[in-house]
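Each chain, written out:
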Amino acid sequence: SPVKNAQGEIVGASKIARDITEQKRAQEQITALAHEAEHRSKNVLANVQAIVNVSQSDTVDGLKRAIEGRIRALANVHSLFVETRWRGANLQTIAKNELAPYSEADERRIRIYGPPLLLAPDTAQAIAMTLHELATNAAKYGALSAPDGQIDLKWSREGVGPLMLQWTEIGGPAVHKPTRRGFGGRIIEQMIAQLNGTIGFDWRAGGLVCQFQFDLPLS
């Protein structure tokens, strides 16, 4: 702005400087959060679409229940992401949430062992969906379909090595290796394949044993 004397002549100029560093930083953070929200929204919608596309049942009601259960599992793990500001979710909490409905009457039916592990969001989603499918199948055909059946879920990880996770069914009806791969098994294999992991199904007489192994990025 010009500075004038009493005669109205311009004798100088004045300038105001403002430090907008924090303002620019805030704008950059808002932009980054907007991009992150867009990415996560697309990811959630893609997962829901995949759930709908792969779900099958012999009846309309059965299909509805299958879709609702899988979306609920996805919603449960996303609630955990909010608590950690989207850093991920704790494996023990994921396991307890997915298996809680089967231990309400008797908490001894579900036994969970393993160190605390914070899983990155993509890994946490895959594990949550895998445990949901295993529990659903156990409730229909395996240990959770019997009054005294139990589930042992345990995991371990040495240093930065792979995560080793084992699902063991005890006290259910006698099981036999199926002659064809079931729908739930295909979903589980797809989930573990997303993590570049390996999975083994052992159809023991006393119950199904599932073993997983994969490297995982911890958030």
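Scroll up to find the structure this text is about.
Keep in mind the model is a prediction, meaning the values are calculated, not measured.

J.: Tell me about unusual backbone geometry, residues and numbers included.
T.: A positive phi angle, close to 55°, is found at Asn196, a residue other than glycine. Note that Asn196 resides in the loop between α5 (183–194) and β8 (198–204).

J.: Can you explain the nonpolar core? Please cite residues and give values.
T.: One finds Ile94 and Trp167 to be the most contacted residues of the largest nonpolar core, which totals 39 residues. In terms of residue count, helix α4 (residues 121–140) provides more of this core than any other element does, nine residues in total. Ignoring anything within four residues of it in the chain, the contact list for Trp167 reads Leu99, Leu131, Leu134, Ala135, Ala138, Ile151, Asp152, Leu153, Leu208, Val209 and Cys210.

J.: Break down the packing of aromatic side chains for me, citing the residues and quoting the values.
T.: One pass over the structure, following the stated rule, counts one aromatic pair. Judged by centre distance (6.3 Å) and plane angle (15°), the rings of Phe201 and Trp203 are stacked.

J.: Break down the pattern of salt bridges for me, with residues and values.
T.: Tallied over the full model, the rule gives five salt bridges. The partner of Glu22 in a salt bridge is Arg25, and the shortest N-O contact between them spans 2.4 Å. On the criterion of helical spacing, the pair formed by Glu22 and Arg25 is a turn pair, its members being three residues apart in helix α1 (residues 21–54). Glu22 sits in the exposed class, given a relative accessible area of 55%. On the basis of relative accessibility, which here comes to 38%, the residue Arg25 falls in the partly exposed class. Across the salt bridge formed by Asp202 and Arg204, the nearest N and O atoms sit 2.8 Å from each other. Its relative accessible area of 43% is what places Arg204 among the partly exposed residues.

J.: How would you sum up the sheet that holds strand β4 (residues 110–113)? Please name residues and give values.
T.: Strand pairing within a sheet occurs via backbone hydrogen bonds; the two strands may be parallel or antiparallel. In space, the five strands of this open sheet follow the order β4-β6-β7-β9-β8, with mixed pairing throughout. For this open sheet the edge positions go to β4 and β8, each flanked by a neighbour on one side alone. The average undirected angle you get between the axes of adjacent strands in this sheet is 10°. As paired strands, β4 and strand β6 (residues 150–156) are joined by four bridges and run parallel to one another. For Arg111, the partnering residue across the bridge sits in β6 and is Asp152. Helix-sheet contacts for α4 involve β6, β7 (163–170) and β9 (207–214), and the interaxial angle to β7 is about 15°.

Conventions adopted
- Residues numbered from 1 in each chain as written.
- Predicted model: local features only at pLDDT ≥ 70, side-chain atom pairs only at ≥ 80, totals over all residues.
- Heavy atoms only, no water.
- Helix = DSSP H or I, 4+ residues; strand = E, 2+ residues; numbered from the N terminus.
- Core = buried A, V, L, I, M, F, W, Y, C linked by side-chain atoms within 4.5 Å.
- Buried < 20%, exposed > 50% of the residue type's maximum accessible area, 1.4 Å probe, protein only.
- Contact = heavy atoms within 4.5 Å.
- Phe/Tyr/Trp six-rings, centres within 6.5 Å; stacked < 30°, edge-to-face > 60°.
- Salt bridge = Lys/Arg side-chain N within 4 Å of Asp/Glu carboxyl O.
- Pairing = 2+ DSSP bridges.
- Axes fitted to C-alpha atoms, helices over the stretch in contact; angles between N-to-C directions.

All quantities given are derived from atomic positions and should not be read as evidence of function.
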